[in-house]
Amino acid sequence: MWRGAAAVLAANRTGASTVPSRSLYPHQWSWDSAFIAIGLRRLDPARARREIETLFAAQWADGRVPHIVFNPAVPLDAYFPSPDFWRSSHAPGAPAAPETSGIVQPPVHALAVWLVHRAAPREPGSRAFLARMYPKLVAWHRYLSEARDLGGAGLAALVHPWESGMDNSPCWDAPLARVVPAPRDSYRRADLDHGSAEDRPTDLDYGRYVRLAAAYRDSGYADRAERPDGARFAVEDPGFNALLIASEYALAAIAAELGEDPGPRTRRARELTGVLVERLWEPGAGLFLSRDLEGKAAKPPEYGAAGLLPLLLPWLPEGIAEALRASLRGPRFGLGTHSLLVPSHDLTSPAQDPRRYWRGPAWFNVNWLLLRGLRQHGDPVGAAALRDAFLRTAGATAFAEYVDPATGRGLGAREFGWTAALCLDLLAEEGVGE
Ligand code: 9WN
């Protein structure tokens, strides 16, 4: 399995970075690269450092880290939306090259940088890597905490469903229902050349994604610009913000390693946790909910796996970690009873679909994060069982992009970057391959 996973990362390597999938996603993606680096640190720490530095070479002047960095050698029609859609090099503050998208993805990068360093702290180059990355990560977090604080309480808001990394989650159905889809003949979906239509978002979803991205682009990627009716989306997502907070803790650790005072970063992480709980915790449900900043909350609400991700945080007010662990095993997510791995969406929701992308299938990055959460909150036995199921399912599906949570049947792309990388990470814990 170690050799198989390493071979995936070798095959998906394109120069200084790694693609999520040779067929479906032929460029560099932001949170994919962070997870890929977390696995690569076990194989080749220098390559893990390069993976992250390549991504941050495309950081914009305002601190944002774009969700895609385009490879100029790949034909324009291989992936949509392509660089000629985003037109980043004409946007204020974006690098002249490479071309990038203008939206972001979950900020798991500071956590990745810290874990990459910890894997080889004495290697020549690792401390210098930390020192180079620190101000870039600070600028990235500042962008999210200032420009993206659209709700005014301190959490980062998302302006496009793709920013959550969980693109077609039912949590976005209500806020997306207000968006007028772009006409179907105004763009060409490249994903259907490689993926099965039943596993992918629908055409209606795509029309809305295109409308929102085009309106954001046409505003010059200005976060506070007024956008027309039918082209607005602003939500606070518990998964995105939990990763921001986890990364704040990692920034505190990096600061301490570099001889700076970690106190302000740790305090900020605790403060933000308080805001997350105040705004998004749903005690009756035992998990966190997203908040729609453009309209009224959906009734009934949709419960996604993003609402479990705060389990990752080291400090939570009393009772919350226990409630999250109970939700993982309860009827909504069924871990250990109905599900081999944690599904991306509530099993009891009418919107749940075990094969369609983020509407039900289990994803390996989410399960890796929850496994860390279980360890963090005193459940090593649950974490060990999840680790076994993770490795077994990934191995049996040729490192699938996502799987049916009940049967483990592989779905989406195979030889998927973060699935292989996170297997390496879990295998290395037991000394395999080292
Ligand atoms: C849009 C690359 C990315 C992941 C996302 C996943 C999917 C893209 C797409 O693929 O999104 O960004 O084209 O569907 O939803 O989490 O980062 O693997």
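Okay, so let's go over this structure.

Analysis parameters
Residues numbered from 1 in each chain as written. Predicted model: local features only at pLDDT ≥ 70, side-chain atom pairs only at ≥ 80, totals over all residues. Heavy atoms only, no water. Near = heavy atom within 4 Å. Polar contact = N/O pair within 3.5 Å; in protein donor to acceptor, adjacent residues only side chain to side chain. Areas by Shrake-Rupley, 256 points an atom, 1.4 Å probe, with all protein chains shown as cover. Nonpolar A, V, L, I, M, F, W, Y, C, P; charged D, E, K, R; others polar. Phe/Tyr/Trp six-rings, centres within 6.5 Å; stacked < 30°, edge-to-face > 60°. Buried < 20%, exposed > 50% of the residue type's maximum accessible area, 1.4 Å probe, protein only. Helix = DSSP H or I, 4+ residues; strand = E, 2+ residues; numbered from the N terminus. Lys NZ or Arg CZ within 6 Å of the ring centre and 35° of its normal.

### Here's the deal with the site of the ligand
In the neighbourhood of the ligand, 17 residues make up the surrounding shell, with Asp32, Tyr79, Gly165, Asp167 and Tyr357 lying closest. Between the ligand and tryptophan 29, the relevant distance is 3.1 Å, taken from an oxygen atom to a side-chain nitrogen or oxygen of the residue. Side-chain polar atom of histidine 67 to an oxygen atom of the ligand: 3.0 Å apart, as the coordinates give it. Alone, the ligand offers 420 Å² of accessible surface; in the complex the protein occludes 100% of this. In terms of residue class, the shell around the ligand is built from 11 nonpolar, 3 polar and 3 charged.

### Thoughts on the packing of aromatic side chains
Here the distance between the centres and the angle between the planes together describe a pair of aromatic rings. Following the criterion strictly, the structure yields 25 aromatic pairs and no others. Ring geometry for tyrosine 357 versus tryptophan 363: centroids 5.5 Å apart, planes at 70°, classification edge-to-face. Using a relative accessible area of 3% as the deciding quantity, one classes tryptophan 363 as buried. Aromatic side chains tyrosine 357 and tyrosine 402 sit 5.6 Å apart centroid to centroid with 75° between the ring planes, which places their arrangement in the edge-to-face category. With tyrosine 357 in the loop between α11 (320–329) and β10 (362–363) and tyrosine 402 in strand β11 (residues 402–403), the pair connects residues that are 45 residues apart, well separated along the chain. The ring of phenylalanine 85 carries arginine 217 above its face, with NZ or CZ at 4.8 Å from the centroid. Stacked on the ring of tryptophan 315, the Lys or Arg arginine 270 has its end atom at 4.1 Å from the ring centre.

On their own, these measurements won't tell you what the molecule is for.
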